[in-house]
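# Architecture at a glance
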Amino acid sequence: MTESCDVAIIGGGAIGSAIAFFLLEKGFGGRLAVIERDPSYRFASSALSASSIRQQFSTPVNIALSRFGIDFLRQAGDRLAIGDDRPVIGLKEAGYLFLASPEGLSILDKNHLVQRAAGADVALLPPPKLEARFPWLSLEGLAAGSLGLSGEGWFDGPGLMQAFRRKAQSLGVRYLTGEISGMERERNGISALLFGNGSRLTCGTVVNAAGPQAGKVAALAGLTLPVEPRKRCVFVFDCRAPLPDCPLVIDTSGVWFRPEGARFIAGISPPPERDPQDPDFDVDYALFDEIVWPALAARVPAFEAIKLTSAWAGHYEYNTFDQNGVVGPHPEVRNFLFANGFSGHGIQQSPAVGCAIAEWIIGGAYRSVDPSDLSYDRIPAGQPLRELNIV
Ligand SMILES: Cc1cc2nc3c(=O)[nH]c(=O)nc-3n(C[C@H](O)[C@H](O)[C@H](O)COP(=O)(O)OP(=O)(O)OC[C@H]3O[C@@H](n4cnc5c(N)ncnc54)[C@H](O)[C@@H]3O)c2cc1C
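Basis of the calculations
- Residues numbered from 1 in each chain as written.
- Predicted model: local features only at pLDDT ≥ 70, side-chain atom pairs only at ≥ 80, totals over all residues.
- Heavy atoms only, no water.
- Helix = DSSP H or I, 4+ residues; strand = E, 2+ residues; numbered from the N terminus.
- Rg over C-alpha atoms; globule rule 2.2 N^0.38 Å.
- Buried < 20%, exposed > 50% of the residue type's maximum accessible area, 1.4 Å probe, protein only.
- Contact = heavy atoms within 4.5 Å.
- Areas by Shrake-Rupley, 256 points an atom, 1.4 Å probe, with all protein chains shown as cover.
- Near = heavy atom within 4 Å.
- Polar contact = N/O pair within 3.5 Å; in protein donor to acceptor, adjacent residues only side chain to side chain.
- Core = buried A, V, L, I, M, F, W, Y, C linked by side-chain atoms within 4.5 Å.
- Domains from an automatic or database assignment.
- Buried area = accessible area lost by both parts, 1.4 Å probe.
- Salt bridge = Lys/Arg side-chain N within 4 Å of Asp/Glu carboxyl O.
- Disulfide = S-S within 2.5 Å.
- Phe/Tyr/Trp six-rings, centres within 6.5 Å; stacked < 30°, edge-to-face > 60°.
- Pairing = 2+ DSSP bridges.
- Axes fitted to C-alpha atoms, helices over the stretch in contact; angles between N-to-C directions.

With that settled, the discussion passes to the overall build of the protein chain. If you tally the helices and strands in the protein chain, you get 8 helices and 18 strands. Compactness check: the protein chain gives a C-alpha radius of gyration of 21 Å against a globular reference of 21 Å for 391 residues, within 12% of the reference. Seen through its C-alpha atoms, the protein chain measures out along the principal axes to roughly 65 × 50 × 40 Å. Considering the protein chain as a whole, with its 391 residues, one finds that 57% of them fall into the buried category. For the protein chain, the proportion of contacts with a sequence separation of at least 24, taken over those separated by at least 6, is 74%. Within the structure as shown, the protein chain displays about 16000 Å² of accessible surface, and the carbon and sulfur contribution to it stands at 50%.

As a further point, take the site of the ligand. The ligand sits among 37 residues. The nearest are Glu 36, Ser 45, Ser 46, Ser 52 and Glu 317. In the model, an oxygen atom of the ligand is placed 2.5 Å from a nitrogen or oxygen of the Ser 46 side chain. Between an oxygen atom of the ligand and a main-chain N or O atom of His 345, the distance comes to 3.4 Å. Alone, the ligand offers 1000 Å² of accessible surface; in the complex the protein occludes 96% of this. Listing elements by their share of the shell around the ligand, those giving two or more residues are helix H1 (14-25), strand S2 (32-36), strand S12 (227-238), strand S16 (307-319) and helix H8 (346-363).

Let us look at the nonpolar core. Core analysis: the biggest nonpolar cluster contains 50 residues, and Ile 9 and Leu 23 have the highest contact counts within it. Put simply, the parts of the chain that give this core at least two residues each are strand S1 (2-10), H1, S2, helix H2 (60-79), helix H5 (157-170), strand S18 (336-340) and H8.

What follows deals with the domain arrangement of the protein chain. One can read the domain layout of the protein chain as domain 1 (2-84 + 156-226 + 321-378) and domain 2 (96-151 + 229-318). Every contact between the two is made by 28 residues of domain 1 and, on the other side, 27 residues of domain 2. For the pair domain 1 and domain 2, the summed buried area comes to about 2300 Å², and 57% of that belongs to carbon and sulfur atoms. Considering only the side of domain 1, the residues that lose the most area to domain 2 are Leu 48, Gln 56 and Pro 212, jointly responsible for 26% of the buried surface there. Counting the contacts that link domain 1 with domain 2 gives 0 salt bridges. Summed over the shared surface of domain 1 and domain 2, the result is 12 residue pairs in polar contact (both at pLDDT 80 or more). The set of elements that each furnish at least two residues to the side of domain 1 that touches domain 2 consists of strand S3 (52-53) and H2.

Scanning the entire structure with this criterion turns up 0 disulfides. The closest cysteine sulfur to the non-disulfide-bonded Cys 5 is located on Cys 203, 5.4 Å from its own sulfur. For Cys 5, a relative accessible area of 3% translates into the label buried. Cys 246 takes part in no disulfide bond, and the closest cysteine sulfur, belonging to Cys 239, lies 9.3 Å away.

Positionally, Lys 92 belongs in the loop between H2 and strand S4 (96-100). Separated by 97 residues in sequence, Lys 92 and Gly 189 have C-alpha atoms that sit 43 Å apart. With sequence-adjacent residues up to four places away left out, Lys 92 is seen in contact with Glu 152, Gly 153 and Trp 154.

Mapped onto the elements of the fold, Gly 30 is located in the loop between H1 and S2. Along the primary structure Gly 30 and Ile 347 are separated by 317 residues, whereas in three dimensions their C-alpha atoms are 26 Å apart.

Tallied over the full model, the rule gives 18 aromatic pairs. Seen from their ring centres, Phe 264 and Phe 303 are 5.3 Å apart, and the 75° between their planes marks the pair as edge-to-face. Note that Phe 264 is positioned in strand S15 (residues 263-267) and Phe 303 in the loop between helix H7 (285-299) and S16, a separation of 39 residues in sequence. By relative accessible area, Phe 264 is classed as buried at 7%. Where Phe 336 meets Phe 338, the ring centres are 5.2 Å apart and the plane angle is 70°; that geometry is what we call edge-to-face. Across the pair, exposure class does not vary: Phe 336 and Phe 338 are buried alike.

Our next topic: the sheet that holds strand S6 (residues 144-148). An order of S5-S6-S4-S13-S14-S15-S12-S16 is seen for the 8 strands of this open sheet, with the pairing classed as mixed. Looking at the sheet topology across the chains shown, the edges are occupied by strand S5 (122-125) and S16. Averaged over all neighbouring strand pairs, the angle between strand axes comes to 20°, with direction disregarded. Packed onto the sheet, H7 meets S4, S12, strand S14 (256-260), S15 and S16 and runs at close to 55° relative to S12.

Our focus in this paragraph is the pattern of salt bridges. Evaluated as defined, the whole model comprises 19 salt bridges. We note a salt bridge from Asp 238 to Arg 263, for which the minimum N-O separation is 2.8 Å. Pair noted here: Asp 238 is in strand S12 and Arg 263 is in strand S15, with a separation of 25 residues, a long-range link. Residue class for Asp 238 comes out partly exposed when judged on its relative accessible area of 26%.

Here you go:
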């Protein structure tokens with residue numbers, strides 16, 4: 001069977017659904033289809049995300065995208081309401097605290113200048129100020145910390161994804177269930193998508209929003225995209241002692257932790273030898289025992305007596321080239337758009353990416369937020385955009 005549409009979005013997670021929502025909100029009048037292989041979203045990044053948002057990046061484009069994100073999250077209840085039904089995405093603006101050792105201080109200082117210049121509300125705290133503000137923190141080996149004073153925190157990421165999806169559907173977007181397993185390509189463009197069951201969808205524009213599978217989806221179009229799944233584990237634990245005003249803390253060891261309701265969650269990007277390219281979804285409990293817990297206990301003495309209550313594993317859509325998003329059209333296959341590779345910061349950037357891609361499709365230019373620095377062109381040019389603050 002052959003159907004047709006003007007825009008086909010492959011993947012209906014937070015990114016694909018945000019693009020669909022913004023297209024309709026901005027008045028796109030064409031036929032739009034979102035193709036999602038698993039509407040339960042059981043293994044989608046957006047469903048397994050730690051869903052935190054920060055301004056503390058080292059590149060202006062990431063700061064701009066996340067500043068757009070926090071503005072949108074503050075209004076999400078209104079923007080994504082369906083009649084009187086307002087989604088609750090539980091935004092908590094409790095900040096990020098990046099800690100630096102004496103060796104890491106120059107990078108913290110450098111990032112601070114970039115962040116302030118890009119309008120981020122951040123403050124550098126020397127050890128006495130850290131002690132006064134967070135008396136539960138061990139200052140061992142610390143030279144300073146960088147604290148987000150506003151615009152940073154965490155939220156219900158799966159809830160945001162569902163709110164985008166429901167709102168997009170209420171505005172008339174069609175979600176098709178199925179897996180894209182092939183594409184028909186004409187010289188300078190994609191003409192049709194092929195489903196695993198043999199159906200065919202002709203389309204004018206294709207958006208790759210396939211999360212960790214984005215590299216595989218690009219390959220279906222004959223294109224190279226250095227994005228692959230990488231496993232990240234999140235550990236949930238109880239701590240009896242209260243930690244007043246606890247932000248999301250990034251320790252010098254690379255371990256991060258933050259409150260989650262009455263509990264805490266924590267994790268770390270594993271060392272390369274424990275970070276396979278074709279990962280499963282099994283929790284790496286040894287990572288907690290050997291790396292995460294010792295670092296937690298060293299940084300917060302009250303964490304010596306924690307109890308691990310649960311854990312989960314999800315896949316990052318990891319950009320092996322430079323750990324940054326790839327956003328916008330392919331330079332030659334102009335009707336193929338990327339919205340991929342966010343490497344652990346995609347859910348906070350989903351509003352900005354959704355808006356930018358929608359504006360590109362409708363008017364051929366970015367207007368409200370500019371992700372041009374994330375264009376695909378840097379990949380064939382061999383010019384990585386390095387993000388120093390990867391968590
Ligand atoms: C453990 C963990 C912690 C994270 N923490 C944060 C954080 O604190 N802050 C942050 O901003 N980000 C974080 N992220 C990253 C963030 O969750 C992702 O960047 C974001 O959710 C990506 O959204 P997406 O829509 O691109 O991908 P997904 O949510 O994975 O959606 C892609 C969809 O495409 C579908 N699909 C794939 N291939 C096909 C195909 N061939 N045909 C049809 N459908 C297809 C999939 O089924 C999937 O539903 C974290 C991720 C993980 C795993």
